[in-house]
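A closer look at the structure
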Amino acid sequence: MAKRLVEKCENYSKAHGSYVEWDTDVNLSPPKSWGKPVPEKDKYLWDYYTSLQYTLYETGHPETVDRTFRPRSHPNKEHVNVVLLSSPVECIGILLEGGKQLPDGFHIVLSPSWLSKVPSEEDTSLSSLLLHKSISFHSNGASFVDEYKPPRRVSYFVDYFTDNVTSGQRNDGIEIESGLDCPMSSSIKLCELVDDKVWTRDVMADVGMSIPETLAIRRMPIRKLSSAKEEMKTIDFKSYVTLDMTTVEKEISAFAKRLQMSQIQKIVVKPSGSKYFGSVGVSFHSTSDIEPIVHAAKELLMEIDEGCSVLVEEFVEPAVPLDAGSNKVPLWLASEGLGFRVRSTVCRDHDDTPVTTLINCAIADKHLPINGDNTVCQSLDSTLLAYNVFDESERRELEMKIRRQSADVLKIIMEREKLLSVEERGAFRGQTDVIGIDIVVTKKAGKLVPVGIEVNSHDCTINTQFYDFMMSLGESTLMRRKEKTSTSPMGNVNNTKDKGYVPSQFPDNRDSRGSEFTGGNGAKFTDKQGGIVASLSSTIQESRYYCGKTMGRSVRPLVRNMISRSQRYMMKGKQVVVIGGGGYSKRNIWPDAQDYGIKVVLVDSDANHLAREQVHRFIHYDFDDHQEDFAHACNIFKLLHTQGIDVDGCLTFWEDCVPLAAFVKEMTGTKGSSHKAALTGKKKSRTQNVLSTCTAAIPHWPRTYLYSSKSVHIKSENDSVLVPKSIQFPAILKLEHGSSAVGVSVVNDEEEIRKKYHQISECLRTESDYPGIGLGHDNTMVAMEYHKGSEHDVDVILYDRKLVGAFISDNGPTRRPYFTETAAVMPSSLPEDKQAQLIVAAYQCCTEIGLSSGTFNVELLMTSTGPKLIEINARMGGFYLRDWIKEIYGVDLMLCSLMISCGVQPYVPKHPADLLFMGIMLIPSAHAHILHDTDFRTQLNEMIEKNEILFTQYSESDEIQSTEYEEPFGNIAVSAETPEEAKTKLLAICEQLGVSLKEYPVKTFLQYF
């Protein structure tokens, strides 16, 4: 065994090629600013670099360019820096995919001398890692040798410079990874945990995966198992002195005889531990010949380290080729004596969902160890065809079982890691983000059954990159026959059916807080944010894997995770001023920000605001008169300065405070849009008028004025005469600074405008008449053109005027006469080109009025001639939008908003939606009677607890009252794979709860979905 380990060390990272077609005059020495000598271990540095160039050259990527002559600087700019201390052998696939997803965010470091550690600002007992030099990766596989002055802070670290990964070549990454404050992939201690075959077999058995009959002889064990397993017996020796070879021989003999009685003819003896991989120390024996088995086990026991084990296990007989019957037999049919090994790769995605990505196989002599070093990888489907498994449903069933069980294994590992202390994890923010599972497929009772052999820790992606590179090269060179395409305009973009499955349920690792509220009659019901989060977040969807190009597919979720963890780390400790706490509907923002480690300084007019005790600091200041916003901003800025509050960001989530927050933002010098843009967005007539002047030709978009509508600002009843001169009737009348459709109505002539204006202006005069709908600015109105079409929300994320992300929801018909929202569905069911029109329109409308950085909610109509703007809400979308987007896409708009305010560009993962949501609003005027009903609340609570619905509440229970001008009380939503399925589920629930009424016909509201 020792000889095999030495051979692996000598061959690690050597590039084998007969030519060099790249520039070798490259500066790989320690950064110029240091002047430190090259460490002794860096004698391998040129081997690493040559290996990298060899890979890039043969796979069609450009060679690395040296840019160290001019160190790069990014003053005052937050940047994601995922750093892999490694040779390219382990991680080239991750680096190329990282460069594609986040150019200049992924780096390979070939020497520890390119890094340094400084005391952490978060915790003085920890260190932050600084990056002085790296090979950075960019779009299209471009890479550069770069130096950084000042150095960059590392936001995610992977250490592959360990004995176990490099086969003993170097171990100097241990000192670097020790005591870091940044997120990490598996630490040394976590690698030892996951590489412990006994511990992970315990995990595999717990998720229902078959494991071999095993006798595990553990030397000084340090890990507890969850429970005794029928398939696995353990013998523990707590010290070298107590290692009783007589007991070992006796137990092995009894174990072998038991296997013989079960008609099992072979036994495998192997070591278990993090450095015993690649079939090192593995031997095969006959169950009838006890002496060689005992001898092999004893030898290993004398050689293994403390905490490691020797496994004596049954040889799992691989499935043999089936009878081909009348099927056409492939010439590459597997012959007698061959077996195959399966390797499933599981990545933790950006939202902590375990995703089984690549399942690849290797065929070789079944009587010898099968591993990645002695086989050519191929797909599971091809392998099963080679074994005459021609039934597609049988192949599919096996694949789905492997996917489900593999994801469940990582899920359990994640749950058990949460129970470990920092010392036990070996890193402050260390966690297992990727595993590889070795599986043998056997046949039991006529069915193909996967049997879990072992789990491999984070250096398990080599075989996946082999497969990705191979398939990518084939994809780029083969002239394929044209496939029949879908006739649907959207193709399969919105079709999530038959793309995934739900694994067995485990405790959810995401927050789904719930609390009870009491109505006027004492009845209670639970408003549980994320009511069906538990079932949805554990839904593993193939769409997370089968999307995008082949190259990088197997590590795509892992890369998304690295970026997301980086950004959350970068936001830890940021202090953000939030102007205006808003109402009850914003209540989850405050604990969620706290969970992210963000310090919120809330400024609000209400001295007893519900968030007062939930934020880092609270400042009471009366700003209800928004006509004096500039003066208020000056006073707030003085308060911040007087109280010594350092400001990293400033924003608002409350519509009325958008201009005020923009003024304060400018005074604090933080990121966001200008006050001029905020004022334009807040005033509906100004928004339309500005856009109507944007008539210039744009090479890449339609002219922006096409999205605008004619409008007239009405300051008094007498202004009604101006409307017919500009707008044809019927027209829309609404509050100039209004929100939530309060007071919106259709007017058919000049006289009706006069009457409606008088009616509304008399009822809605000041902020106290109806808080939160813009009356603090004024109660003037605007008349606009009336367009027929479907209504849609587009929530956009902008950073430095660039579109980072966009999410579309379709709305049902509004409830007349006041255009109250009734129903919605997300993702959109519109044809692909119509969705593109909406996204482009939302982007153009925002940027043309000056909104450059932030999250914005844009309401649009899709008419027969294209999109028409309704209005822009220059802040994060309200109601259910944040919750739905978070559950469907894994993107938290609140976190994105806070990040942008702090100058951190948010990352939006790109993968198809796994599911859709469809919801119906509860309106006080229609539903007050059931909202106060005890039976209704009991049923609602039961549905929430059973994860049948997602219920989002917008006002407190004691505020349920019917008024002429109203806002929705809440939203009941269901999840499904198709709109038809969602509609059926939602209609049934609405009938059961009594939500569908003659005056509130839910079926009508859902008819266009």
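Residues numbered from 1 in each chain as written. Predicted model: local features only at pLDDT ≥ 70, side-chain atom pairs only at ≥ 80, totals over all residues. Heavy atoms only, no water.

Moving on, we come to the packing of helix H2 (residues 45-58) against helix H3 (residues 88-101). Taken N-terminus to C-terminus, the directions of H2 and H3 make an angle of 45°; their axes are 10 Å apart at the nearest point. Between H2 and H3, the angle is such that the two are oblique. Here the hand of the crossing between H2 and H3 comes out right-handed. Contacts between H2 and H3 involve Tyr48, Ser51, Leu52, Thr55 and Leu56 from the first element and Pro88, Val89, Ile92 and Leu96 from the second. When the residues that make up the contact of H2 with H3 are grouped by side-chain class, the tally is 7 nonpolar, 2 polar and no charged. (Axes fitted to C-alpha atoms, helices over the stretch in contact; angles between N-to-C directions. Helix = DSSP H or I, 4+ residues; strand = E, 2+ residues; numbered from the N terminus. Parallel < 35°, antiparallel > 145°, perpendicular 65-115°, else oblique. Left-handed = near helix turned anticlockwise from the far one by under 90°. Contact = heavy atoms within 4.5 Å. Nonpolar A, V, L, I, M, F, W, Y, C, P; charged D, E, K, R; others polar.)

The next point concerns the nonpolar core. Ranked by internal contacts, the top residues of the largest apolar core, which has 133 residues, are Leu115, Phe157, Ile920, Ile972 and Val995. In this structure, Leu190, Met209, Val346 and Cys361 belong to the second largest nonpolar core, which totals 39 residues. (Core = buried A, V, L, I, M, F, W, Y, C linked by side-chain atoms within 4.5 Å. Buried < 20%, exposed > 50% of the residue type's maximum accessible area, 1.4 Å probe, protein only.)

Next up on the list: the pairing of strand E17 (residues 447-456). Burial within E17 is extensive, with 9 of its 10 residues counted as buried. Sheet topology places strand E16 (residues 434-444) next to E17; 9 bridges connect them, and they run antiparallel. Bridge assignment links Val440 to a residue of E17, and that residue is Val451. Adjacent in sequence and paired antiparallel, E16 and E17 are bridged by 2 residues, among which Ala445 carries a positive phi angle near 50°. (Pairing = 2+ DSSP bridges.)

Pairing in this open sheet of 5 strands is mixed, and the strands run E9-E8-E12-E10-E11 from one edge to the other. At either end of the open sheet lies a strand with only one pairing partner, and these are strand E9 (232-237) and strand E11 (283-286). Taking each pair of neighbouring strands and ignoring which way they run, the sheet shows an average axis angle of 20°. As defined by bridge partners, strand E10 (residues 266-272) adjoins E11 across 4 bridges and the pair is classed as antiparallel. Its bridge partner lying in E11, Val269 is registered against Ser283. Helix H7 (residues 245-261) contacts strand E8 (214-219), E9, E10 and strand E12 (309-314) of the sheet and is inclined by roughly 165° relative to E8.

Describing two packed helices takes the angle between their axes plus the distance from one axis to the other. The geometry of helix H6 (residues 197-206) relative to helix H10 (residues 392-418) is characterised by a closest axis approach of 9 Å and an angle of 120° between their N-to-C directions. For the element pair H6 and H10, the recorded crossing hand is right-handed. The segment H6 lies against H10, with Trp199, Asp202, Val203, Met204 and Asp206 engaging Val409, Ile412, Ile413 and Arg416. Considering only residue class, the contact of H6 with H10 consists of 6 nonpolar, no polar and 3 charged.

Turning our attention to a nonpolar patch on the surface. There is a patch of nonpolar side chains on the surface, built from Val376, Met470 and Met471 and spanning about 260 Å² of accessible area. Take Met471: it is sitting in helix H12 (residues 462-477). (Patch = residues over 30% accessible without salt bridge, like charges linked within 9 Å, V, L, I, M, F, W, Y side chains within 5 Å. Areas by Shrake-Rupley, 256 points an atom, 1.4 Å probe, with all protein chains shown as cover. Salt bridge = Lys/Arg side-chain N within 4 Å of Asp/Glu carboxyl O.)

Time to look at the packing of aromatic side chains. The final tally for this structure, using the stated rule, is 12 aromatic pairs. Ring geometry for Phe284 versus Phe315: centroids 5.8 Å apart, planes at 75°, classification edge-to-face. Taken together, the residues span a long stretch of sequence, with Phe284 in strand E11 and Phe315 in the loop between E12 and strand E13 (338-348) at a distance of 31 residues. On the basis of relative accessible area, Phe284 is assigned to the partly exposed category, the value being 24%. (Phe/Tyr/Trp six-rings, centres within 6.5 Å; stacked < 30°, edge-to-face > 60°.)

Once that is clear, we can look at the confidence of the model for the protein. Mean pLDDT for the protein: 87, with 89% of residues reaching 70 or above. When the criterion is pLDDT under 50, residues 483-540 qualifies, and its contacts beyond four places in sequence or with other chains add up to 163 contacts. (pLDDT = per-residue confidence, 0-100.)

What follows concerns a negative patch on the surface. There is a patch of like negative charges on the surface, built from Asp622, Asp624, Asp625 and Glu628. Structurally, the position occupied by Asp624 is in the loop between strand E24 (617-620) and helix H16 (629-642). (Lys, Arg positive; Asp, Glu negative; His and termini not counted. Charge placed at Lys NZ, Arg CZ, Asp CG, Glu CD.)

Let's shift gears to the pairing of strand E2 (residues 82-85). Here E2 shows a buried face lined by Val82 and Leu84 and a second buried face lined by Val83 and Leu85. The pairing of E2 with strand E7 (residues 156-159) spans 4 bridges and is parallel. Within the sheet, the bridge partner assigned to Val83 lies in E7 and is Phe157. In the classification by handedness, the crossover that spans E2, the intervening H3 and the parallel strand E3 (residues 106-109) is right-handed. (Right-handed = clockwise from strand over helix to strand, strands pointing away.)

Glancing now at the sheet that holds strand E23 (residues 599-604). If you walk across this open sheet you meet the 4 strands as E24-E23-E22-E25, and the pairing is parallel. A strand with exactly one partner marks an edge of an open sheet, and here the two such strands are E24 and strand E25 (649-651). Averaged over all pairs of adjacent strands, the angle between strand axes in this sheet comes to 20°, irrespective of strand direction. Of the pairings in the sheet, the one linking strand E22 (residues 575-579) to E25 comprises 3 bridges and is parallel in character. For Val577, the partnering residue across the bridge sits in E25 and is Cys650. Its contacts with the sheet place helix H17 (residues 658-668) against E22 and E25, and it is angled at close to 165° to E25.

It is worth spelling out the environment of Ser139 at this point. Tracing the chain through its elements places Ser139 in the loop between strand E5 (127-137) and strand E6 (143-153). The partly exposed category is assigned to Ser139, whose relative accessible area is 35%. Once the C-alpha coordinates of Ser139 and Lys100 are considered, the two residues, 39 residues apart in sequence, prove to be 4.7 Å apart. Ignoring anything within four residues of it in the chain, the contact list for Ser139 reads Gly99 and Pro103.

Turning our attention to H7. The end-to-end C-alpha distance of H7 is 24 Å, a good match for the 24 Å that 17 residues give at a rise of 1.5 Å each. Buried residues of H7: Met245, Val248, Ile252, Ser253, Phe255, Ala256 and Leu259, and no others. Looking straight down H7, one finds that the buried residues subtend no more than 170° of arc, so they occupy a single side. Turned more than 90 degrees off the buried face of H7, the exposed positions are Thr246, Lys250 and Met261. Along its buried surface, H7 packs onto E8, E9, E10, helix H8 (290-303) and E12. Two or three places before Thr246, at the opening of H7, Asp244 has a side-chain oxygen 3.0 Å from that residue's backbone nitrogen. The positive-phi residue at the C-terminal boundary of H7 is Gln263, with phi of around 65°. (Expected span 1.5 Å × (residues − 1). Arc of directions from axis to C-beta. Polar contact = N/O pair within 3.5 Å; in protein donor to acceptor, adjacent residues only side chain to side chain.)

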